[in-house]
Amino acid sequence: MESISVFLVDDHLVVRQGLRDFLELQDDIEVVGDSGMPVEAVGQIKQLLPDVVIMDLVMPEIDGVEATRRVKAVSPSTQVIVLTSFSDDEKVFPAIKAGAISYLLKDVSPLELARAVRSAKRGEAVLHPEVAAKLMQEFSTPRNNDPDAEALTEREMDVLRLIARGHSNREIADSLIISEKTVKTHVSNILSKLHLADRTQAAIYALRQRLVPMDDPLPGR
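Residues numbered from 1 in each chain as written. Predicted model: local features only at pLDDT ≥ 70, side-chain atom pairs only at ≥ 80, totals over all residues. Heavy atoms only, no water.

Colleague: Would you explain the sheet that holds strand E3 (residues 52-55) in this entry?
Modeller: Backbone hydrogen bonds hold the strands of a sheet together, and the pairing may be parallel or antiparallel. If you walk across this open sheet you meet the five strands as E2-E1-E3-E4-E5, and the pairing is parallel. Taken across any chain shown, the strands that pair with only one partner, and hence form the sheet edges, are strand E2 (29-35) and strand E5 (102-105). Across the sheet, the axes of successive neighbouring strands diverge by a mean angle of 25 degrees, strand direction being ignored. Docked against the sheet, helix H3 (residues 64-74) engages E3 and strand E4 (79-84), running at close to 170 degrees with respect to E3. (Pairing = 2+ DSSP bridges. Helix = DSSP H or I, 4+ residues; strand = E, 2+ residues; numbered from the N terminus. Axes fitted to C-alpha atoms, helices over the stretch in contact; angles between N-to-C directions. Contact = heavy atoms within 4.5 Å.)

Colleague: Please clarify how the packing of helix H7 (residues 154-164) against helix H10 (residues 199-208) should be interpreted in this entry.
Modeller: Each pair of packed helices can be described by the angle between their axes along with the distance between the axes. Running from amino to carboxyl end, H7 crosses H10 at an angle of 100 degrees, the nearest separation of the two axes being 8 Å. In terms of axis orientation, H7 runs roughly perpendicular to H10. The residues of H10 that touch H7, namely those facing Leu-160, Ile-163 and Ala-164, are Arg-199, Ala-202, Ala-203, Tyr-205 and Ala-206. (Parallel < 35°, antiparallel > 145°, perpendicular 65-115°, else oblique.)

Colleague: How do you make sense of the pairing of E2 when you look at a structure like this?
Modeller: On any regular strand, side chains alternate: one points to one face of the sheet, the next to the other face. Where strand E1 (residues 4-9) and E2 come together, six bridges link them in parallel fashion. Residue pairing across strands places Val-6 opposite Val-31, the latter belonging to E2. The parallel pair E1 and E2 is bridged by helix H1 (residues 13-23), and the resulting crossover is right-handed. (Right-handed = clockwise from strand over helix to strand, strands pointing away.)

Colleague: What exactly am I supposed to notice about the UniProt feature "modified residue: 4-aspartylphosphate" (unreviewed entry) in the protein chain here?
Modeller: The feature "modified residue: 4-aspartylphosphate" (unreviewed entry), as annotated in UniProt, sits at Asp-56 in this numbering. With respect to the element layout, Asp-56 can be found in the loop between E3 and H3. You can call Asp-56 buried: its relative accessible area is 5%. Asp-56 has contacts with Val-9, Asp-10, Asp-11, Gly-64, Leu-83, Thr-84 and Lys-106, leaving out every residue within four places of it along the chain. (UniProt positions renumbered as here; feature names shortened; annotations may be inferred. Buried < 20%, exposed > 50% of the residue type's maximum accessible area, 1.4 Å probe, protein only.)

Colleague: How do you make sense of the pattern of salt bridges when you look at a structure like this?
Modeller: Close approach of charged atoms allows side chains of opposite charge to pair. Taken as a whole, this structure holds 15 salt bridges when the rule is applied. The salt bridge involving Glu-24 is made with Arg-20; its shortest N-O contact spans 3.0 Å. For Glu-24, a relative accessible area of 43% gives the class partly exposed. The partner of Asp-158 in a salt bridge is Arg-155, with the nearest N and O atoms 3.6 Å apart. Highlighted residues: Asp-158 and Arg-155, both in helix H7, separated by three residues, approximately one helical turn. Through salt bridges that share partners, Arg-16, Arg-20, Glu-24 and Asp-34 make up one connected network. (Salt bridge = Lys/Arg side-chain N within 4 Å of Asp/Glu carboxyl O.)

Colleague: How do you make sense of the environment of Lys-91 when you look at a structure like this?
Modeller: Residue placement: Lys-91 occurs in helix H4 (residues 89-98). It is 9.3 Å that separates the C-alpha atoms of Lys-91 and Gly-64, two residues lying 27 residues apart in sequence. Among residues more than four places away in sequence, those in contact with Lys-91 are Leu-57, Val-58, Val-65, Phe-86 and Tyr-103.

Colleague: What exactly am I supposed to notice about H7 here?
Modeller: Given 3.6 residues per helical turn, the α-helix brings residues three or four places apart onto the same face. Residues of H7 that are buried include every one of Glu-156, Met-157, Val-159, Leu-160, Leu-162, Ile-163 and Ala-164, and no others. At its buried positions, H7 is contacted by helix H8 (169-176), helix H9 (180-194) and H10. Gly-166 sits one or two residues past H7 and shows a positive phi near 85 degrees.

Colleague: Can you walk me through H3 in this structure?
Modeller: Every buried residue of H3 is accounted for by Gly-64, Val-65, Ala-67, Thr-68, Val-71 and Lys-72. The buried residues of H3 occupy one face: seen down the axis, they fall within an arc of 160 degrees. Capping of H3 at its N-terminal end is provided by Asp-63; its side-chain oxygen lies 3.2 Å from the backbone amide nitrogen of Val-65. (Arc of directions from axis to C-beta. Polar contact = N/O pair within 3.5 Å; in protein donor to acceptor, adjacent residues only side chain to side chain.)

Colleague: Can you help me understand the confidence of the model for the protein chain in this one?
Modeller: Low pLDDT marks stretches whose predicted atomic positions should not be read closely. Of all residues in the protein chain, 88% attain a pLDDT of 70 or more, and the chain-wide mean is 86. Here residues 216-221 is modelled with pLDDT under 50, and outside its nearest four sequence neighbours on either side it reaches 26 contacts, counting other chains as well. (pLDDT = per-residue confidence, 0-100.)

Colleague: Can you help me understand the nonpolar core in this one?
Modeller: Grouped burial of nonpolar side chains is what soluble globular proteins tend to show. Ranked by size, the top nonpolar core spans 27 residues in total, and within it Val-9, Val-53, Met-55, Val-71 and Tyr-103 carry the most contacts. Looking at this core, the elements that each hand over two or more residues are E1, helix H2 (38-48), E3, H3, E4, H4, E5 and helix H6 (129-138). For this core, the element with the most residues is H4, which contributes five residues. Once residues within four sequence positions are removed from consideration, Val-71 is found in contact with Val-42, Ile-45, Val-53, Met-55, Pro-76, Thr-78 and Val-80. With 24 residues, the next largest nonpolar core counts Ala-164, Val-183, Ile-190 and Ala-203 among its residues. (Core = buried A, V, L, I, M, F, W, Y, C linked by side-chain atoms within 4.5 Å.)

Printed below as a string of structure tokens:
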């Protein structure tokens, strides 16, 4: 089994060490580096190109939102999981818009964090329930400047609805009786046509446009 490479960014050494100690107990996860300085971390991530970055938000030099933006610029395939103590609107929305795929609070259990790492590697979002609720409330009203979903094919619409319901690529493939590779192609086309960064933003878009019922859960709820 190929290991999932993870880089840790948190200005508290005890937090980084605790995360490293737990994650390295997982057979399929390898911590390839860590840093308490975001600017330094971005440079290392550019060289290492890890699968997943676990990112704190409140740090010296630059905050985790700006660090996330820079990580996605130097390594677009790297998925960023925000792990923080803060769930206020001023932190949540900018982090998601910067490209974070998942947003977890530091009360998350170690096993839930490991699950989020594996989900991020597959391009799937995991959101703390508080964060999911905030996103549902914030994005519950359609916006006039949203891209037009009519640009999507019927099959892409099917895939988008299943993304919004929190299904993985494998689950979507099984549901639509297509290959997982074909699902990935559809997801890529959806993000490109709607000018979205990731699956989390796609799920939010689908809910905001009423493409799925508003009582359907965001991923992670």
